[in-house]
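# Per-entry structural report
Read off the chains here:
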Amino acid sequence: MKQNETLEDGHGRRFYYLRLSVTDVCNFRCDYCLPDGYQATRKAPDLSVAEAGTVMRAFAMLGTRKVRLSGGEPSLRKDLPELIQAASATPGIQRVAVTSNGYRLPSVIDTWHRSGLHQLNISIDSLDNAEFAHITGHDCLPKIRTGIDRALELGIQTKVNAVLLSDGAQARLHQFLDWLKTTPVTLRFIELMQTGDNRDYFASNHVRGSDIEQQLIESGWQLLPRALDAGPAREYVHPDYAGRIGLITPYSKDFCNSCNRLRISAQGKLHLCLFSDAGLDLRETIRTGDADALAEKVRALIGNKEVSHYLQQGNTGGTQNLSIIGG
Ligand code: SAM
Ligand code: SF4
């Protein structure tokens, strides 16, 4: 296999970006994800640091430049700093990111930084302390915000993910806008996605991002060009704001045309799409430590990637909730 070839599927899409879930365990109970908390489902231990290293080496050979460690809640793993270090030491990987609920952020962010973290995504659906506690089951927003301030001091590129929820959307937008005036983070509004577990919640809370996007454009926000390894967000800037705003709208037409990521679960399954019917089990090959063999397997499987997630048609594939695959 050629080193650093770029993996391409049958629809001309190239894959520069790996989302690696390091655990499906989570301590939060977000209404749209794990409203009843984490229910133990895993059959085998999560990928070890060595196994995750093999995965990252294989993907780097296939052209992956960016790795995001996600979960469940990745910070529940005590060895997360070693996982960050393994990612940043993988030849070819230029950016290492973590997506976290941020509940331990002030006490861990310095260590993550020393381990080689470039980018941090923290999920905050509301800047109102009581509403945040209501959505997540944890009253810890001030602590998370302290951690974000520290990440910014350390020069870590910081993004905040907020799931768009219909009730109170305008009030939350105004709070976020006030914050972005002086805070240099990128806030990304994510349209709520339907999963196997949240059908009723989705039916009563889903709202399209297009209204907010229109509102932003009318108040002078300007669209930025998209980088090769960027996520699917359309990002906007405004001269009066230190922060940026992105919109991730999986229900929009052609959303999947720009797909540039693949996912590996903490059990070592390849998910060609967030809403695939099932993960493709690569654990046996991962366990051998043979990155070349793993890269060959991934290369052979990429042809099975569907052109769309078919979410618009109500498809949720085998995805009961996003904590299993890492969003
Ligand atoms: N626990 C970490 C966190 O919350 O940031 C990482 C995993 S979480 C599954 C990753 C992202 O997926 C979070 O930003 C979360 O808000 C988002 N998410 C979870 N379920 C979702 C859904 N049904 N629709 C849209 N976004 C969702
Ligand atoms: Fe946990 Fe993240 Fe799901 Fe919330 S969105 S329950 S923090 S995995």
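What comes next concerns the included structure. Note that this is a predicted model, so its numbers are computed, not measured.

Basis of the calculations
- Residues numbered from 1 in each chain as written.
- Chains lettered and ligands numbered in written order.
- Predicted model: local features only at pLDDT ≥ 70, side-chain atom pairs only at ≥ 80, totals over all residues.
- Heavy atoms only, no water.
- Helix = DSSP H or I, 4+ residues; strand = E, 2+ residues; numbered from the N terminus.
- Buried < 20%, exposed > 50% of the residue type's maximum accessible area, 1.4 Å probe, protein only.
- Contact = heavy atoms within 4.5 Å.
- Polar contact = N/O pair within 3.5 Å; in protein donor to acceptor, adjacent residues only side chain to side chain.
- Axes fitted to C-alpha atoms, helices over the stretch in contact; angles between N-to-C directions.
- Parallel < 35°, antiparallel > 145°, perpendicular 65-115°, else oblique.
- Left-handed = near helix turned anticlockwise from the far one by under 90°.
- Nonpolar A, V, L, I, M, F, W, Y, C, P; charged D, E, K, R; others polar.
- Salt bridge = Lys/Arg side-chain N within 4 Å of Asp/Glu carboxyl O.
- Pairing = 2+ DSSP bridges.

### Quick word on the environment of Tyr 38
Residue placement: Tyr 38 occurs in the loop between strand 1 (17-21) and helix 1 (49-61). Owing to a relative accessible area of 24%, Tyr 38 belongs among the partly exposed residues under this scheme. In this structure, the C-alpha to C-alpha distance between Tyr 38 and Thr 288, residues 250 residues apart in sequence, is 30 Å. Those residues in contact with Tyr 38 that lie beyond four places of it in its chain are Asp 24, Val 25 and Cys 26. A distance of 3.3 Å separates polar atoms of two side chains, one belonging to Tyr 38 and the other to Asp 24.

### Overview of the packing of helix 1 against helix 10 (residues 291-301)
With their axes 8 Å apart at the nearest point, helix 1 and helix 10 run at an angle of 60° to one another. By the criterion of interaxial angle, the relationship of helix 1 to helix 10 is oblique. Classified by chirality, the crossing of helix 10 by helix 1 is right-handed. Here Thr 54, Val 55, Arg 57, Ala 58, Phe 59 and Met 61 of helix 1 come into contact with helix 10, specifically with Ala 291, Asp 292, Leu 294, Ala 295 and Val 298. The residue inventory of the contact of helix 1 with helix 10, partitioned by class, reads eight nonpolar, one polar and two charged.

### Details of the pattern of salt bridges
A full pass over the atoms with the stated rule returns eleven salt bridges. When the shortest N-O distance is used, the salt bridge between Arg 13 and Asp 9 registers 2.8 Å. One salt bridge connects Arg 77 with Asp 79, and the closest N-O pair in it is separated by 2.9 Å. Sharing partners across several salt bridges, the network here consists of Asp 110, Arg 150 and Glu 153.

### Things to note about the sheet that holds strand 6 (residues 186-191)
Ordered by their spatial adjacency, twelve strands build an open sheet running 7-8-9-6-5-4-3-2-1-10-11-12, and the pairing between neighbours is mixed. Unpaired on one side and paired on the other, strand 7 (222-223) and strand 12 (280-281) mark the two borders of the sheet. Sheet topology note: the strand 3 (residues 95-100)/strand 4 (residues 119-123) ladder contains four bridges and is parallel. Looking at strand 4, one finds that Ala 97 is bridged to Gln 119. Sheet strands touched by helix 1: strand 1, strand 2 (66-70), strand 10 (261-264) and strand 11 (269-271). Its angle to strand 1, the strand with the most contacts, is close to 165°. Along the sheet face, helix 5 (residues 141-153) touches strand 4 and strand 5 (157-164) and points at about 145° away from the line of strand 5.

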